[in-house]
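Remarks on the overall topology
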Amino acid sequence: MILSGIFGQSEENKRQYTGNHEDMHMSRIALVDDDRNILTSVSMTLEAEGFDVKTYNDGQSALDAFSRELPDLCVSDIKMPRMDGMDLLQRLRQKSSVPVIFLTSKDDEIDEVLGLRMGADDYVRKPFSQRLLVERIRAILRRQEAIASDETEAPEETQVMQRGELSMDPLRHAVKWKGRDVTLTVTEFLLLQALAQRPGFVKSRDQLMDVAYDDQVYVDDRTIDSHIKRLRKKMRSADPEFSAIETLYGIGYRYNEE
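Residues numbered from 1 in each chain as written. Predicted model: local features only at pLDDT ≥ 70, side-chain atom pairs only at ≥ 80, totals over all residues. Heavy atoms only, no water.

1. Quick look at the overall build of the protein chain
Note the threshold: Numbered from the N terminus, helices here are DSSP runs of H or I no shorter than four residues, and strands are runs of E no shorter than two. Only protein chains enter the accessibility calculation, which uses a 1.4 Å probe. A residue is then buried if its area is under 20% of the maximum for its type, exposed if over 50%, and partly exposed in between. Any two residues whose heavy atoms approach within 4.5 Å are treated as being in contact. The method behind every accessible area is Shrake-Rupley, applied with a 1.4 Å probe, and residues are considered shielded solely by the protein chains displayed.
Looking only at helices and strands, one finds nine helices and twelve strands in the protein chain. When each of the 258 residues of the protein chain is scored for burial, the buried share is 50%. A separation of at least 24 residues holds for 61% of the contacts in the protein chain among residues at least 6 apart in sequence. Split by element, the accessible area of the protein chain, about 12900 Å² in all, is 45% carbon and sulfur.

Here it is as structure tokens:
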């Protein structure tokens, strides 16, 4: 693992290192992993970057804490005792769209695909650069903030996008299909919004990556495909006949207004 190099510093230096961002608004990050070294090193790095970090060594402990207060974002290992990361995500998605980044094993693509299909926003493979993890966290939080604050200048009443049976309200991060609420993650919301803004026009996977991720964050085609599959599944939970998102193999995706 590429660590941040904080080990070996004096306690005074550590306090000085982690105190540079005390005046910043601190996003609450939940870090869930049964590896004590990861909890210690990553939490120190995130605190130094201005985050308020709570650590948990298994999914059940994290879930118990989330029932009292939800974090702004959760970073979770997958393989853990008591409750693993997949179970934690499934339970969390029953009541919240809090962004989740999975820490996955180096060669375990099954975990990555399954996690994305279940509603994870991103994944980082172990061993990982902590700088990469920080950038992934910041990218997701920026996207979430942009949705919440609605950075356009148009009045609120014009912000709800209506496309046939689809209604999207960026101010409230709310989606309705045929009048039924559909709960989406930040990534799923942005992808659906990008497709529905121009019905009939094709969006390539690269274009969708640009919508969902910052330039400094690399993801592959499989990530976008997994998000789209999860998005379709959620829409079909509201309407089994939903077919507005069309796949054009080798090209990308298109939203067809119904």
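2. Some remarks on the sheet that holds strand β12 (residues 252–255)
Here is the rule: A pair of strands is labelled paired if DSSP reports no fewer than 2 bridges between them. With axes taken as lines fitted to C-alpha atoms, and helix axes fitted only over the stretch in contact, angles between N-to-C directions fall between 0 and 180 degrees.
Across the sheet, three strands lie side by side as β10-β12-β11; this open sheet has antiparallel pairing. Each edge of the open sheet carries a strand with a single partner, namely β10 (202–204) and β11 (245–248). Strand-to-strand twist of the sheet, defined as the mean angle between neighbouring strand axes without regard to direction, takes the value 30 degrees. Pairing of β10 with β12 involves three bridges; the strand directions are antiparallel.

3. Examining the pattern of salt bridges
The test is simple: Should a side-chain nitrogen of Lys or Arg be within 4 Å of a carboxyl oxygen of Asp or Glu, the pair is scored as a salt bridge.
Under the defined criterion, the tally for this structure stands at 16 salt bridges. Linking Asp58 and Arg82 is a salt bridge whose minimum nitrogen-to-oxygen distance equals 3.6 Å. Highlighted residues: Asp58 in the loop between β2 (52–56) and α3 (59–66) and Arg82 in the loop between β3 (73–77) and α4 (85–93), separated in sequence by 24 residues. Judged by its relative accessible area of 5%, Asp58 is buried.

4. Things to note about α3
Under the convention used in this document: The arc in question is formed by the directions pointing from the helix axis toward the C-beta atoms. Polar contact is the term for a pair of N or O atoms within 3.5 Å; when the atoms are in protein, one must be able to donate a hydrogen and the other to accept it, and sequence-neighboring residues count only if both atoms are side-chain atoms.
Here α3 has its buried residues at Gly59, Ala62, Leu63, Ala65 and Phe66. On an axial view of α3, the arc spanned by its buried residues comes to 160 degrees, and they lie on one face. Buried-residue contacts for α3 involve β1 (28–32), β2, β3 and α4. Regarding α3, its N-cap is Asp58, as a side-chain oxygen of that residue lies 3.0 Å from the backbone nitrogen of Gln60 further along.

5. Overview of the packing of aromatic side chains
In plain terms, the rule: Note on aromatic contacts: the rings of Phe and Tyr and the six-membered ring of Trp form a pair at centre separations within 6.5 Å, being stacked when their planes are under 30 degrees apart, edge-to-face when over 60 apart, and tilted otherwise. Definition used: whenever NZ (Lys) or CZ (Arg) falls within 6 Å of the ring centre and also within 35 degrees of the ring normal, the charge is taken to sit over that ring.
Summed over the entire model, instances satisfying the criterion amount to two aromatic pairs. Centre to centre, the rings of Tyr56 and Phe66 are 6.1 Å apart; their planes meet at 80 degrees, and the pair counts as edge-to-face. You can see Tyr56 sitting in strand β2 and its partner Phe66 sitting in helix α3, a full ten residues away along the chain. The pair formed by Tyr56 and Phe66 is uniform in burial state, with each residue classed as buried. Here Arg198 stacks its cationic end above the ring of Phe201, 3.9 Å away from the centre of that ring.

6. Some thoughts on the sheet that holds strand β9 (residues 180–182)
On the basis of which strands lie adjacent, the open sheet formed by four strands has the order β6-β7-β8-β9 and antiparallel pairing. Either end of the sheet is taken by a strand with one partner, and the two such strands are β6 (161–163) and β9. Between one strand axis and the next, the sheet turns through 20 degrees on average, direction left out of account. Pairing of strand β8 (residues 174–177) with β9 involves three bridges; the strand directions are antiparallel. If you follow Val175 over to β9, its bridge partner there is Val182.

7. Topic: the environment of Leu92
Relative to the assigned elements, Leu92 resides in helix α4. When the C-alpha positions of Leu92 and Leu63 are compared, they lie 7.5 Å apart, and in sequence the two are 29 residues distant. Discounting residues that sit within four places of it in the chain, Leu92 has contacts with Phe66, Leu70, Val98 and Val100.

8. Focus on the confidence of the model for the protein chain
Stated formally: One number per residue, pLDDT, summarises how confident the predictor is, and it ranges from 0 to 100.
With 78% of its residues at a pLDDT of 70 or more, the protein chain has an overall mean of 80. The low-confidence segment residues 1–24, where pLDDT is below 50, has 28 contacts with residues more than four positions distant or belonging to other chains.

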